[in-house]
Amino acid sequence: MHETAMHETAHTEFPSDFLTIESLTPAGLRRILDRAGALKAGDEDARLTDMTVGLLFEKPSTRTRTSFEAGVTQLGAHPTFLGPDEIHLGHGEPVKDTARALSQYVDLLVARLNDHDDLVELANYADVPVVNALTDQAHPCQALADLLTLREITDDDTTVTWVGDGNNVARSLVVGCALAGVDLRLATPPGYGVDDDALATAADLGGAPTLFDSPTAAVEGAEAVYTDVWISMGEANQRAEKLPAFEGYQVNEELLADTDAAVMHCLPANRGEEVTDAVLEGDRSVVWQQAGNRMPTQQALLLELLGR
Ligand code: CP
Ligand code: NVA
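How each quantity is defined
Numbering of residues starts from 1 in each chain and follows the order in which that chain's sequence is written. All chains are assigned letters beginning with A, and all ligands numbers beginning with 1, in the order in which they are written. Side-chain atom pairs in this predicted model are given and counted only at pLDDT of 80 or more, local residue features only at pLDDT of at least 70, and totals for whole chains, interfaces and linings cover all residues. Here the side-chain values reflect all heavy atoms present in the structure, with hydrogen atoms and water set aside. Each residue is tested against the molecule or strand, and it is near if at least one of its non-hydrogen atoms lies within 4 Å. As used in this structure description, the phrase polar contact means that two N or O atoms lie within 3.5 Å; if the pair is within protein, one of them must be able to donate a hydrogen and the other to accept it, and residues adjacent in sequence are counted only when both atoms belong to side chains. Residue burial considers only the protein chains on display, and all accessible areas are found by Shrake-Rupley using a 1.4 Å probe. Lys, Arg, Asp and Glu make up the charged group, whereas Ala, Val, Leu, Ile, Met, Phe, Trp, Tyr, Cys and Pro make up the nonpolar group; the residues left over, Gly among them, are polar. Each patch groups residues whose relative accessible area exceeds 30% and which form no salt bridge, using 9 Å between like charges and 5 Å between nonpolar side chains of Val, Leu, Ile, Met, Phe, Trp and Tyr. Within this document, salt bridges are pairs made up of a side-chain nitrogen of Lys or Arg and a carboxyl oxygen of Asp or Glu, the two lying within 4 Å of each other. Counting rule for charge: Lys and Arg are taken as positive, Asp and Glu as negative, and neither His nor the chain ends is counted. The atom standing in for a charge is NZ when the residue is Lys, CZ when it is Arg, CG when it is Asp and CD when it is Glu. Numbered from the N terminus, helices here are DSSP runs of H or I no shorter than four residues, and strands are runs of E no shorter than two. Throughout this description, the term nonpolar core refers to a set of buried Ala, Val, Leu, Ile, Met, Phe, Trp, Tyr and Cys residues connected via side-chain atoms within 4.5 Å. We call a residue buried when its accessible area falls under 20% of the maximum for its residue type, exposed when it is over 50%, and partly exposed in between, using a 1.4 Å probe and counting protein chains only. In this description, contact between two residues means that some pair of their heavy atoms is separated by no more than 4.5 Å. The pairing criterion is simple: DSSP has to find at least two bridges between the two strands. Helix axes are fitted only over the stretch in contact, all axes being lines through C-alpha atoms; the angle between N-to-C directions runs from 0 to 180 degrees.

**Student:** So what's going on with the site of ligand 1? Residues and values would help.
**Tutor:** Residues in close proximity to ligand 1 include S61, T62, R63, T64, R112, H139, Q142, C266, L267 and R294, which together make up its full environment. Between an oxygen atom of ligand 1 and a side-chain N or O atom of T64, the distance comes to 2.6 Å. In this structure, H139 approaches ligand 1 through a side-chain N or O atom, which is 2.8 Å from an oxygen atom. Taken by itself ligand 1 offers 260 Å² of open surface, and the protein chains cover 96% of this. Looking at the shell around ligand 1 residue by residue, the classes come out as two nonpolar, five polar and three charged.

In structure tokens form, the structure reads like this:
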């Protein structure tokens, strides 16, 4: 069974798997962002030649799947996509059997699973590193791209405001900002806040977010305002119950009228719901930069996990 202990690279302690962003140290996170910057600048020549990376996806994906496939190919490795209709997982074969079989063919597994507990089981039974490509609880690869984007668009002492659902993306951002020393404010409706575990983890790292009742107060003076869909994948049956709570939480021109904050969104966006088309398409939107940063941050992550 795969050991989840840290291994040493030449530069810093690094985890064996990347299931949550809290598996990184602040130094490990800095190292990924530094390497991602070097990859973007063409200053990194490490390769994953002759390796195979398995991409196990139970849910749809545009950005994550493609940025991993293209990023892996650019590094000289071969991606193998395993969608929900192509393998036995989800049709009777347990996670632990999938993990032990796939580990013998691939050098690393990237997995987007419905249930975070399944991802933990996958990692426990896999003999190769496992990377979280989104679960119901966390989206740590998104947080890496978000933190690189913030590094690129702001100076030190950055303040970011999250407006909307305290979901998987928010949870990883909370801990990622704590690791990176970014001040985070949260404006989430009652009942839909970021869970206490993530808040406690951030507090332990010395970076507890500030909680706001009002989105308007929360965005004042912020360098960036970040939102995500109110109804995440797998939550369609909660739509009628959830939506009323989010009234007043839309990121629109009125909310941003007194700020010059950048607008962030992990995408896909539901225009007219959590964000307006005008804001998403406007000058302050950095959503395409965020999407672009998925590839170099994930490439840097894989190089570190595979000791290259
Ligand atoms: N942001 C993100 O993970 O997008 P996809 O669902 O398209 O991968
Ligand atoms: N919170 C969203 C993020 C999609 C990238 C979801 O889980 O559907």
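Here the narrative resumes, following the displayed structure.
**Student:** Just give me the short version of a negative patch on the surface, but keep the residues and values in it.
**Tutor:** The grouping of D155, D156, D157, D183, E223 and D260 at the surface amounts to a negative patch. Relative to the helices and strands, E223 is located in the loop between helix 8 (215–219) and strand 10 (224–227).

**Student:** Give a description of the nonpolar core that names residues and reports values.
**Tutor:** The biggest cluster of nonpolar side chains holds 58 residues, and the ones touching the most others in it are I21, L24, V110, V131 and L301. Counting residues per element, this core draws most heavily on helix 6 (residues 168–180), which supplies eight residues. When sequence neighbours within four positions are dropped, the list of residues in contact with I21 reads L29, P140, A143, L144, L147, S172, V175, G176 and L179. In terms of nonpolar packing, the next biggest core, distinct from the first, is built from 20 residues, A187, Y249, L267 and V275 among them.

**Student:** Can you lay out the site of ligand 2 for me, pointing to particular residues and giving the numbers?
**Tutor:** All residues in the neighbourhood of ligand 2 are listed as L134, N167, N168, V169, D228, V229, S232, M233 and L267. Between ligand 2 and the protein, one listed contact pairs a nitrogen atom with a side-chain N or O atom of D228 at 2.7 Å. Starting from 270 Å² of accessible surface for ligand 2 in isolation, the protein chains cover 95%. Its residues assigned to classes, the shell around ligand 2 shows five nonpolar, three polar and one charged.

**Student:** Could you give an account of the pairing of strand 5 (residues 108–112), naming the residues involved and the relevant values?
**Tutor:** Within strand 5, five of the five residues are buried, leaving the element largely enclosed by the surrounding structure. Judged by which residues are buried, strand 5 turns out to be covered on both faces: L108, V110 and R112 on one side and L109 and A111 on the other are all buried. Bridge count between strand 3 (residues 52–57) and strand 5: five bridges; the pairing is parallel. Note that in strand 5 the partner of F57 across the bridge is R112. Two strands pair when backbone bridges link them, and strand 5 and strand 6 (residues 130–132) are joined in this way by three bridges, in the parallel orientation.

**Student:** Any chance you could break down the environment of L179 for me, citing the residues and the numbers?
**Tutor:** Mapped onto the fold, L179 is located in helix 6. Through-space distance from the C-alpha of L179 to that of L24 is 8.2 Å; in sequence the pair is 155 residues apart.

**Student:** So, the sheet that holds strand 3: which residues are in play, and what are the values?
**Tutor:** Within the open sheet, the four strands sit side by side as 4-3-5-6. Their pairing is parallel. Each edge of the open sheet carries a strand with a single partner, namely strand 4 (78–82) and strand 6. Averaged over all pairs of adjacent strands, the angle between their axes in this sheet comes to 20°, without regard to strand direction. Across five bridges, the pairing between strand 3 and strand 4 is parallel.

**Student:** Describe unusual backbone geometry, and please don't skip the residues or the numbers.
**Tutor:** Here the amide bond leading from L267 into P268 is cis, since omega sits at 5°, within 30 degrees of zero. Counting through the fold element by element, P268 comes out in the loop between strand 11 (262–265) and helix 10 (277–281). One non-glycine residue, L267, adopts positive backbone phi at about 65°. Relative to the helices and strands, L267 is located in the loop between strand 11 and helix 10. Residue L267 is classed as buried on the basis of its relative accessible area, which comes to 9%.

Geometric descriptors of this kind do not, in isolation, establish any biological role.
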